[in-house]
Amino acid sequence: MSRIAEIERKTKETEIYIKLNIDGTGEAKLDYPIGFMSHMLNTFARHGLFDIEIRAKGDLDVDQHHLVEDTGIVLGQCFAKALEDKRGIKRNGSCAFPMDECLARAAVDISGRPFLYFDGQLSGSPIISAGEGGKEQKFQTDVNEDFWQGFVSAAGCNLHLEVLRGRSDHHKIEAMFKAAARALRVACEIDPRVKDTVPSTKGSL
């Protein structure tokens, strides 16, 4: 069974193409203009064992919000499309992921009902890195929640994502991405005991 989806979304604010293979090896091919977010998407692919190809551009002269949120939306749409009727999946998964001084926890239910609980314990200060040509680039950490809100709304999943402890915002965000990827990896796995059944007493998700 091939669980692959490909979606392109164009608006006046952003242009995003994503191809997702849920049953991949963790390979990421990224053409993404925000360095820190590219690092998070690569981390998400690696820890979820999802193959992801992303090409994106947007109105970064306005804000990072549009591009990051829309990336979450398109990635969520890819998961929904690739999983189809969700037949045979384990449906839920969870992970507590430690990263040095930080501990993040994710719990996901691919229920068809979108809901996000997010507590990143972020400071609000931007993460500063060197962009193209050594030009300083600042990542707006508050858009991390926007990404996950877009993702759950489009994927139709219930996600609780929180940092239990930590100091570094970099570590907090990265640990959340890793925890979410691991939780989704489990939730998307095919359960051989119920591979022909939709995991719900309702008969559909």
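Residues numbered from 1 in each chain as written. Predicted model: local features only at pLDDT ≥ 70, side-chain atom pairs only at ≥ 80, totals over all residues. Heavy atoms only, no water.

*Asks:* I would appreciate a short explanation of the overall build of the chain in the present structure.
*Replies:* Within the chain, the regular secondary structure consists of 4 helices and 10 strands. Reading the secondary structure of the chain in the N-to-C direction produces β-β-β-α-β-α-β-β-β-β-β-α-β-α. Taken over the C-alpha trace, the chain has a radius of gyration of 16 Å; the compact-globule value for 205 residues is 17 Å, and the two agree within 12%. When its C-alpha atoms are laid out on the principal axes, the chain stretches across 50 × 40 × 25 Å. For the chain, the proportion of its 205 residues judged to be buried stands at 50%. Considering only contacts within the chain whose residues lie at least 6 apart along the sequence, 76% involve residues at least 24 apart. Of the roughly 9,900 Å² of accessible surface on the chain, 44% is carried by carbon and sulfur atoms. Side-chain charges in the chain split into 27 positive and 31 negative, and the spacing between the mean points of these groups amounts to 6 Å. (Helix = DSSP H or I, 4+ residues; strand = E, 2+ residues; numbered from the N terminus. Rg over C-alpha atoms; globule rule 2.2 N^0.38 Å. Buried < 20%, exposed > 50% of the residue type's maximum accessible area, 1.4 Å probe, protein only. Contact = heavy atoms within 4.5 Å. Areas by Shrake-Rupley, 256 points an atom, 1.4 Å probe, with all protein chains shown as cover. Lys, Arg positive; Asp, Glu negative; His and termini not counted. Charge placed at Lys NZ, Arg CZ, Asp CG, Glu CD.)

*Asks:* Explanation requested: the packing of helix H3 (residues 143-155) against helix H4 (residues 169-188) in the structure shown.
*Replies:* Two numbers describe how H3 lies on H4: the axes approach to 11 Å, and their chain directions differ by 15°. Looking at the two axes, H3 sits roughly parallel to H4. Relative to H4, H3 is oriented so that their crossing is right-handed. Contact residues: Asn 144, Phe 147, Trp 148 and Phe 151 in H3; Ile 173, Met 176, Phe 177, Ala 180 and Leu 184 in H4. A per-class count over the contact of H3 with H4 returns 8 nonpolar, 1 polar and no charged. (Axes fitted to C-alpha atoms, helices over the stretch in contact; angles between N-to-C directions. Parallel < 35°, antiparallel > 145°, perpendicular 65-115°, else oblique. Left-handed = near helix turned anticlockwise from the far one by under 90°. Nonpolar A, V, L, I, M, F, W, Y, C, P; charged D, E, K, R; others polar.)

*Asks:* Help me understand the pattern of salt bridges, please; the structure alone is not making it clear to me.
*Replies:* Between side chains of opposite charge, pairing is possible as soon as their charged atoms come close. Overall, the coordinates contain 11 salt bridges when judged by the stated rule. Here Arg 87 and Asp 85 are joined by a salt bridge, their closest N and O atoms 3.1 Å apart. Overall, Arg 87 belongs to the partly exposed group, its relative accessible area being 38%. Among the salt bridges present, the one from Glu 162 reaches Arg 105, with a minimum N-O distance of 2.8 Å. Residue Glu 162 is located in strand E10 (residues 158-165), and its partner Arg 105 is located in strand E6 (residues 102-109); the two are separated by 57 residues in the primary sequence. Residue class for Glu 162 comes out buried when judged on its relative accessible area of 17%. (Salt bridge = Lys/Arg side-chain N within 4 Å of Asp/Glu carboxyl O.)

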